[in-house]
Amino acid sequence: MVIVGGGSAGWMTAVYLNRLYNHSGKNLDITVIESPDIGIIGVGEATVHSVRFFFAAMGLDEAELLRETNGSYKTGILFRNWMKPVGGKTHEYFHPFEHQRLGRTLDISSLWFLNERFKTERYDEGVCLSTALLNAGHAPKGAGSPPYQGVVPYGYHIDAVLLARFLRRKAVEAGVRHIEGTVTDVEVADGNIRAVSTADARHEADIFIDCTGFRGLLIDKLKADNWESFEHALPCNRAVAIQRELAEGEEPKPYTTATALTNGWAWQIDLVNRQGTGYVYDGNRMSQDEAEAELRAFLGPQSSILKCTHLKMKVGCRRDFWVGNCIATGLAGGFIEPLESTGLHLINLAAGLMGTHLAAPEITPGARHSFNRLMRGFYQDLKQFVVLHYCLTDRDDSDFWRAAPATVDHCDWLKAQLEVWKHKVCEFHDLAGSFSTTFSDENYRYILYGMQHYPELRMALAPDEGARVFADLSQMQQNVVALTLPHGEALRRLNS
Ligand SMILES: Cc1cc2nc3c(=O)[nH]c(=O)nc-3n(C[C@H](O)[C@H](O)[C@H](O)COP(=O)(O)OP(=O)(O)OC[C@H]3O[C@@H](n4cnc5c(N)ncnc54)[C@H](O)[C@@H]3O)c2cc1C
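Residues numbered from 1 in each chain as written. Predicted model: local features only at pLDDT ≥ 70, side-chain atom pairs only at ≥ 80, totals over all residues.

(A) Spotlight on the overall build of the protein chain. In terms of regular secondary structure, the protein chain is built from 16 helices and 21 strands. Computed over the C-alpha atoms, the radius of gyration of the protein chain is 23 Å, within 12% of the 23 Å expected from 2.2 N^0.38 for a compact globule of 496 residues. For the C-alpha atoms alone, the extent of the protein chain along its principal axes is close to 75 × 50 × 50 Å. Counted over contacts in the protein chain with a minimum sequence separation of 6, partners at least 24 positions apart contribute 75%. (Helix = DSSP H or I, 4+ residues; strand = E, 2+ residues; numbered from the N terminus. Rg over C-alpha atoms; globule rule 2.2 N^0.38 Å. Contact = placed C-beta atoms within 7 Å.)

Okay, here's the thing in structure tokens:
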């Protein structure tokens, strides 16, 4: 197998397949060809919590991973400014990774509505533990927490360049062959890739994995008209990324912040040594200079800027991720704007599916079809979930936000569900038949109710129903804060 590309996609896939096929015995030769002249995209610094299980399953040491990538912990995403201010205050809600299943006759979400708690508190504050950690500025771990375990599920903030370097070292140590070279020719015969050539060699293989980023250098040679654009549903097609120094005494935050600006939104991701920020925006509505100026103003004139990069984003996915003997993954396979930090997660999903679908001695059309159906499903579901964040807005202060509610017209399932969810809570069964492996009913609820799309319910509860559930939750919130360390302290211990 030849993998072309040495970004997160190339190295995560190499580490995974090598572990699965070669851990005790050699069943698959894996070579990664990486151009020394074409850099990696260098963004992609926040993860969802399931990426933790990927690193754990690869046998990587969590503390070493975090030390080598200047990493920090992430308990979720704080969304700011996605609706008009409420009572003169910036609108905010938190999307954690955690799901509480408290409640008897009714689940905690229904109880929260029926007790009319929405009149006085934010949904996430009322139903989860992670918000208590956020408010306290705590890591999801205590002094004695075992690797990869915390009091609530968590992901990471990691330096993307350092992560690729770290995974490369681990892959090479485990037996993956690494070649530095730029692929200049792709030989195709009978709908398959026969070989790729670098300046001084020709590399044959039975399977090629295209990890060349937005270029899609290999997969594009095999099939024309193989891209489904999501630009109507998700119009943000550009980003300006800025790295800034943390100010004196500023502790890294254990969560990502996503603040809505004029034509998109800005991420803020704190590493141990710096903050990664960026403005994801609709390039049809503003120039790159205007976007950079707005981001700099948002960060404040005092910010010490280390680096500024402008990026074009191709939002959508392959109709077929696997064509002939070539599989495209990472940005070569597709891209959904990074609002829910899902890039590495999608690579993780694809690597898992490659592992299972490549087990037969020969590639079969059935395996290819199955892989393509599942990958398309992941991207389609994720598209709808990200659109949910936009389409419920009541902001009307720019053309971008005035147009946002109509983005749901490109998501049939979501549009129909939003009507249904006017009179019932969103529940697990609503997602039956979907491909969503990351975002389930609980995640939908955090966004729906964070964006104040509350259902009108017609049930009547006994006056004390639910009181116990909320008392228990409140006690648990106090407990997790007592059990965990301030984030800065947790990171200092990790790095000392
Ligand atoms: C603005 C933005 C923000 C993002 N934020 C997040 C986030 O917070 N969380 C997240 O999970 N994901 C995020 N992503 C997605 C994430 O960056 C990518 O999914 C991830 O980095 C994988 O990239 P890649 O490896 O596919 O491509 P790249 O990093 O672009 O790597 C491509 C590789 O291909 C090689 N290559 C290219 N051409 C050739 C050639 N001819 N010969 C040899 N080698 C070649 C290059 O050298 C490079 O090694 C973000 C993406 C963008 C655009």
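Next, the rest of the story.
(B) Expanded view of the environment of Glu98. Mapped onto the elements of the fold, Glu98 is located in the loop between β5 (92-96) and α4 (108-114). Separated by 22 residues in the primary sequence, Glu98 and Gly76 have C-alpha atoms spaced 8.7 Å apart. Sequence-distant contacts of Glu98, defined by excluding residues within four places in its chain, comprise Cys128, Leu129, Ser130, Val152 and Pro153.

(C) Structural context of the pairing of strand β15 (residues 264-270). Burial of β15 is extensive: 7 of the 7 residues sit out of reach of the surface. Sheet topology places strand β14 (residues 256-260) next to β15; 4 bridges connect them, and they run antiparallel. Bridged to Ala260 within β15 is Trp265. Linking β14 to β15, which pair antiparallel, is a turn of 3 residues. Strand direction decides the pairing type here: β15 and strand β16 (residues 274-281), joined by 7 bridges, are antiparallel. Each residue of the ladder has a partner; that of Ile269, found in β16, is Gly276. The hairpin formed by β15 and β16 contains 3 residues between the paired strands. (Buried ≥ 20, exposed ≤ 12 C-beta atoms within 10 Å, placed from the backbone. Pairing = 2+ DSSP bridges.)

(D) Representation of the sheet that holds strand β9 (residues 192-198) in the model. The 3 strands are arranged β8-β9-β10 in an open sheet whose pairing can be described as antiparallel. The sheet is open, and its two edges are formed by β8 (185-189) and β10 (201-204), each paired on a single side. Taking the axes of each pair of neighbouring strands and ignoring which way they run, one obtains an average angle of 25 degrees across the sheet. (Axes fitted to C-alpha atoms, helices over the stretch in contact; angles between N-to-C directions.)

(E) Structural detail: the domain arrangement of the protein chain. Here the protein chain is described as being made up of domain 1 (2-72 + 156-229 + 319-378) and domain 2 (99-146 + 382-483). Taken together, the elements giving at least two residues each to the side of domain 1 that touches domain 2 come down to α10 (343-357) and α11 (365-391). Among the elements that line the side of domain 1 that touches domain 2, the one with the most residues is α11, at 3 residues. Class assignment for the residues of the side of domain 1 that touches domain 2 results in 6 nonpolar, 4 polar and 2 charged. (Domains from an automatic or database assignment. Nonpolar A, V, L, I, M, F, W, Y, C, P; charged D, E, K, R; others polar.)

(F) Quick peek at the environment of Asp282. Here Asp282 shows up in the loop between β16 and α9 (288-299). Asp282 sits in the buried class, given 20 other C-beta atoms within 10 Å. In the structure, Asp282 is positioned 17 residues away from Trp265 in sequence and 9.7 Å away in space, judged by C-alpha atoms. If we ignore the near neighbours within four places in the chain, the residues touching Asp282 are Pro235, Cys236, Asn237, Asn263, Gly264 and Phe400.

(G) Structural view of the nonpolar core. By size, the foremost hydrophobic cluster in this structure holds 145 residues, and its most contacted members are Ile3, Val4, Ala14, Phe208, Cys326 and Val387. When residues of this core are assigned to their parent elements, the largest contribution, 11 residues, is made by α11. Each of domain 1 (2-72 + 156-229 + 319-378) and domain 2 (99-146 + 382-483) contributes no fewer than three residues to this core. Excluding anything up to four places from it in sequence, Cys326 contacts Ile193, Phe208, Asp210, Leu218, Ile219 and Leu222. (Core = buried A, V, L, I, M, F, W, Y, C linked by C-beta atoms within 7 Å.)

(H) Main features of the environment of His49. Tracing the backbone through its elements, the reader meets His49 in the loop between β2 (31-34) and α2 (51-57). Sequence separation between His49 and Pro146 is 97 residues, and the spatial gap between their C-alpha atoms is 16 Å. In contact with His49, other than residues within four places in its own chain, are Phe97, Pro153, Tyr154 and Gly155.

(I) Structural context of the packing of helix α1 (residues 8-22) against helix α7 (residues 160-173). One can describe the packing of α1 onto α7 by two numbers: an axis separation of 9 Å at closest approach and a directional angle of 30 degrees. In this view, α1 runs roughly parallel relative to α7, as classed from their interaxial angle. For α1 against α7, the interelement crossing comes out left-handed. Along the contact surface, α1 presents Ser8, Trp11, Met12, Ala14, Val15 and Asn18, while α7 presents Ala160, Leu163, Ala164, Leu167, Arg168, Lys170 and Ala171. By residue class, the composition of the contact of α1 with α7 is 9 nonpolar, 2 polar and 2 charged. (Parallel < 35°, antiparallel > 145°, perpendicular 65-115°, else oblique. Left-handed = near helix turned anticlockwise from the far one by under 90°.)

(J) Local environment of helix α16 (residues 487-495). For α16, the set of buried residues is His487, Ala490 and Leu491. Projected onto a plane normal to the axis of α16, the buried residues spread over an arc of 95 degrees and lie on a single side. Residues of α16 that are buried sit in contact with β3 (72-74). (Arc of directions from axis to C-beta.)

(K) Spatial organisation of the site of the ligand. Around the ligand sit 39 residues in total, of which Gly7, Gly44, Gly213, Gly330 and Gly343 are the nearest. The element best represented in the shell around the ligand is α1, accounting for 3 residues. (Near = placed C-beta within 6 Å.)

(L) Region of interest: the sheet that holds strand β20 (residues 326-328). Strand order across the open sheet formed by 6 strands is β7-β2-β1-β11-β20-β19, with mixed pairing between neighbours. Both edges of this open sheet fall to β7 (177-180) and β19 (322-323), since each of them pairs with a single strand only. Bridge count for strand β1 (residues 2-4) against β2 is 3 bridges, and the pairing is parallel. Residue pairing in the sheet places Val2 in a bridge with Thr31 of β2.

(M) Broad picture of the pairing of β16. Counting buried positions over the 8 residues of β16 gives 7, a clear majority of the element. Here 8 bridges tie strand β13 (residues 238-245) to β16, and the two strands are oriented antiparallel to one another. Directly across from Ile242, in β16, lies its bridge partner Thr277.

(N) Just the packing of α1 against α10, in detail. Close contact between α1 and α10 brings their axes to 9 Å; oriented N to C, the two are set at 35 degrees. In this structure, α1 meets α10 at a crossing whose hand is right-handed. Where α1 abuts α10, its residues Ser8, Ala9, Met12, Thr13, Tyr16, Leu17 and Leu20 lie against Leu344, Ile347, Asn348, Ala351, Met354 and Gly355. Counted by class, the contact of α1 with α10 contains 9 nonpolar, 4 polar and no charged residues.

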